[in-house]
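Each chain is listed here by its residues.
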Amino acid sequence: MFVAVEDPRDGVGYYAQAGLLVPNTGLEFAARFGGIGPAASGTSLSASHELGGAVSYYLARHNLKVQADYFRLWGDEELSEGSGRFRVQLQAAY
């Protein structure tokens with residue numbers, strides 16, 4: 001059996017988030033920015049970046065929330081040439 005050899009996936013990543021929980025409303029607004037990139041030459045890892053925002057509503061403190069977010073994802077190309085991702089989720093904890 002032959003196993004294909006691939007370059008290592010050496011990389012560097014970063015992630016930053018800022019948010020604001022509006023007092024006495026259950027609403028939270030957040031902005032996020034992150035990315036990964038190759039650490040050196042000879043790696044099979046390609047660059048990827050994300051930029052987005054989120055709105056959350058806490059129905060029962062942190063045990064139950066609804067969140068909607070939109071992210072713009074791009075690699076080595078310009079931000080305008082990337083793709084968008086919209087998501088809505090319900091999170092429940094017990």
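Summary of the structure given here. Just so it is clear, the structure is predicted and the values come from calculations on it, not from any experiment.

Turning our eyes to something else, we now look at the overall build of the protein. Within the protein, the secondary structure is distributed over zero helices and five strands. Reading the helices (α) and strands (β) of the protein from amino to carboxyl end gives β-β-β-β-β. Its C-alpha atoms give the protein a radius of gyration of 18 Å, clearly above 12 Å, the size a compact globule of 94 residues would have. Principal-axis analysis of the C-alpha atoms places the extent of the protein at approximately 55 × 35 × 20 Å. Long-range pairs, those at least 24 residues apart, make up 38% of the contacts in the protein with a sequence separation of at least 6. By element, 58% of the accessible surface of the protein is carried by carbon and sulfur atoms, the whole surface being about 6,900 Å². Side-chain charges in the protein split into 7 positive and 10 negative, and the spacing between the mean points of these groups amounts to 15 Å.

You can see Ala60 is positioned in strand β3 (residues 48–60). C-alpha of Ala60 to C-alpha of Gly26: the two residues are 34 residues apart in sequence and 8.6 Å apart in space.

For the rest of this paragraph, the subject is unusual backbone geometry. Phi is positive for Asn24, which is not a glycine, with a value near 60°. Counting through the fold element by element, Asn24 comes out in the loop between β1 (11–21) and β2 (27–38). A positive phi is found at Arg61, a non-glycine position, where the angle reads about 50°. Structurally, the position occupied by Arg61 is in the loop between β3 and β4 (64–74). On the basis of relative accessibility, which here comes to 72%, the residue Arg61 falls in the exposed class.

Attention now moves to the side chain of Thr43. Summarising the element assignment, Thr43 is placed in the loop between β2 and β3. Within polar-contact distance, the side chain of Thr43 engages the backbone oxygen of Pro8 at 2.8 Å. One polar contact links the side chain of Thr43 to the main-chain amide nitrogen of Leu45, over a distance of 3.2 Å. Those residues within four positions of Thr43 in sequence are excluded, and the remaining contacts are Asp7, Pro8, Arg9, Asp10 and Pro38.

Attention now goes to the pattern of salt bridges. Considering all chains together, one arrives at two salt bridges under this definition. Close ionic contact of Arg32 with Asp69 constitutes a salt bridge, the shortest N to O distance being 3.7 Å. Of the two residues, Arg32 is situated in strand β2 and Asp69 in strand β4; the sequence distance between them amounts to 37 residues. The same class applies to Arg32 and to Asp69, which are both buried. Put simply, Asp69 and Arg87 hold a salt bridge, and the shortest N to O gap is 2.5 Å. Within this pair, whereas Asp69 is found in strand β4, its partner Arg87 is found in strand β5 (residues 83–92), the two being separated by 18 residues in sequence. Its relative accessible area of 2% is what places Asp69 among the buried residues.

Cut-offs applied
- Residues numbered from 1 in each chain as written.
- Predicted model: local features only at pLDDT ≥ 70, side-chain atom pairs only at ≥ 80, totals over all residues.
- Heavy atoms only, no water.
- Helix = DSSP H or I, 4+ residues; strand = E, 2+ residues; numbered from the N terminus.
- Rg over C-alpha atoms; globule rule 2.2 N^0.38 Å.
- Contact = heavy atoms within 4.5 Å.
- Areas by Shrake-Rupley, 256 points an atom, 1.4 Å probe, with all protein chains shown as cover.
- Lys, Arg positive; Asp, Glu negative; His and termini not counted.
- Charge placed at Lys NZ, Arg CZ, Asp CG, Glu CD.
- Buried < 20%, exposed > 50% of the residue type's maximum accessible area, 1.4 Å probe, protein only.
- Polar contact = N/O pair within 3.5 Å; in protein donor to acceptor, adjacent residues only side chain to side chain.
- Salt bridge = Lys/Arg side-chain N within 4 Å of Asp/Glu carboxyl O.

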